[in-house]
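Topology and contacts: notes
What follows is each chain in one-letter form.
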Amino acid sequence: MYWTSDYSWRLVGTPSVRQQRVYDVPCNSFVPPVNRCIPHWSSLSEDKDPYNMGWSVYSPSGTSESSMDDPWVYHPPTANWLETFYRLQGQSDIVYNNGGYKARIGSSIKETVKTTTQLVVNHWIDQMTKSVFIELTLYNVDLRSLSQITLIIEFLTADVSLRAARVTSVIIDCDDL
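Summarised in this report is the structure supplied together with it. Starting afresh in each chain, residues are numbered from 1 along the sequence in its written order. The predicted nature of this model means local features are confined to residues of pLDDT at least 70 and side-chain atom pairs, given and counted, to a pLDDT of 80 or more, with totals for whole chains, interfaces and linings taken over all residues. Side-chain metrics in this entry use all non-hydrogen atoms of the structure; hydrogen atoms and water are not considered.

Some details on the pairing of strand 10 (residues 129–140)
Along any regular strand the residues' side chains alternate between the sheet's two faces. Of all 12 residues in strand 10, nine are buried; the element is thus mostly enclosed. In the sheet, strand 1 (residues 9–21) pairs with strand 10 via 10 bridges, with the strands oriented antiparallel. Among the inter-strand pairings, Gln19 is bridged to a residue of strand 10, identified as Val132. By the bridge criterion, 10 bridges tie strand 10 to strand 11 (residues 145–155) in an arrangement that is antiparallel. Following the sheet pairing, Glu135 is matched in strand 11 by Thr150. Counting the residues between successive antiparallel strands, the hairpin from strand 10 to strand 11 contains four residues, one of them, Arg144, with a positive phi of roughly 55°. When a residue's accessible area, from a 1.4 Å probe over protein chains only, is under 20% of the maximum for its type it is buried; when over 50% it is exposed; and in between it is partly exposed. Secondary structure elements follow DSSP: runs of H or I no shorter than four residues count as helices, runs of E no shorter than two count as strands, and numbering proceeds from the N terminus. Here, a strand pair is defined by DSSP locating no fewer than two bridges between the strands.

A few points about the layout of surface pockets
Approximately 210 Å³ is the volume found for the second largest pocket. Buriedness for pockets is judged along seven lines, at least five of which must meet protein on both sides within 12 Å for an open set on the 1 Å grid over protein atoms alone, while cavities are sets there where a 1.4 Å probe fits but cannot get out, and lining residues have an atom within 4 Å of a point. If you trace the second largest pocket, you find it lined by Val17, Ile105, Thr112, Thr116, Leu119, Val120, His123, Trp124, Ile125, Val132, Ile134 and Ile153. At the level of secondary structure, the elements contributing two or more residues to the lining of the second largest pocket comprise helix 2 (109–121) and strand 10. The element that contributes the greatest number of residues to the lining of the second largest pocket is helix 2, accounting for four residues. Under the scheme applied, nonpolar residues are Ala, Val, Leu, Ile, Met, Phe, Trp, Tyr, Cys and Pro; charged residues are Asp, Glu, Lys and Arg; polar residues are all the others, including Gly. For the lining of the second largest pocket, the class distribution of residues is nine nonpolar, three polar and no charged. Grid points are joined across faces, edges and corners, and a volume is the space filled by probe spheres set on the points.

Topic: the sheet that holds strand 6 (residues 74–75)
The six strands are arranged 6-9-1-10-11-12 in an open sheet whose pairing can be described as antiparallel. Each end of this open sheet is capped by a strand with a single partner; those strands are strand 6 and strand 12 (161–171). Looking at chain direction, strand 1 and strand 9 (residues 100–104) are connected through four bridges and run antiparallel. Note on strand 9: the bridge partner recorded for Gln19 is Tyr101.

Rendered as C-alpha cells:
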C-alpha cells in the first residue's frame, strides 16, 4: 500500500482503468454497404469479445485461455447487492454497469507509467471506446474513512467527451468492531 504525499490517505488495492466499447454496425441505406458505423452505447451494442493486443481478432497463443488481468479481455459485471446501489451514471445520463475491459494501472508511479504507456502505444482507447473509468480506493487515517473514487469519461459522437466524478465514502467506527 502506498501513501499520498501528505500521508493522511493510503491507497487500498490497485487502481484500475476500465472501458466499455461497442461493435461497429452497418450504416443506413444512404451510405455504401461497405461502410461501418459506430453506434451509441447500449447493452445491445456493447462489445464483449476477447481480443489480442491492439484490438486485433482474438486467437489463442499457446495458453489455454487469456488471463483475466488482460486488458483486451472483457470482464463481465459482478452481480451483487452493492451493484444495485452503486451503479455509475455519467454526465450523459447513461447508467453503466461495472463490467468492461479492465487494466490494473499499478500502485507505484513506475508501474503506472509502464502500464499506461503500453495501453497508449497499443491504442487501448480508440474510436470504439464509449466510456473510460478510473477507479481507486483510499483510506484516510485521521478520519477513519474509506473512499471509493471513480472518474468517468464518456465519448459521444463528433469528438465530444463528457467527464464526471463520483466519490463515495464511509466512516469506519472502530468502536463497533
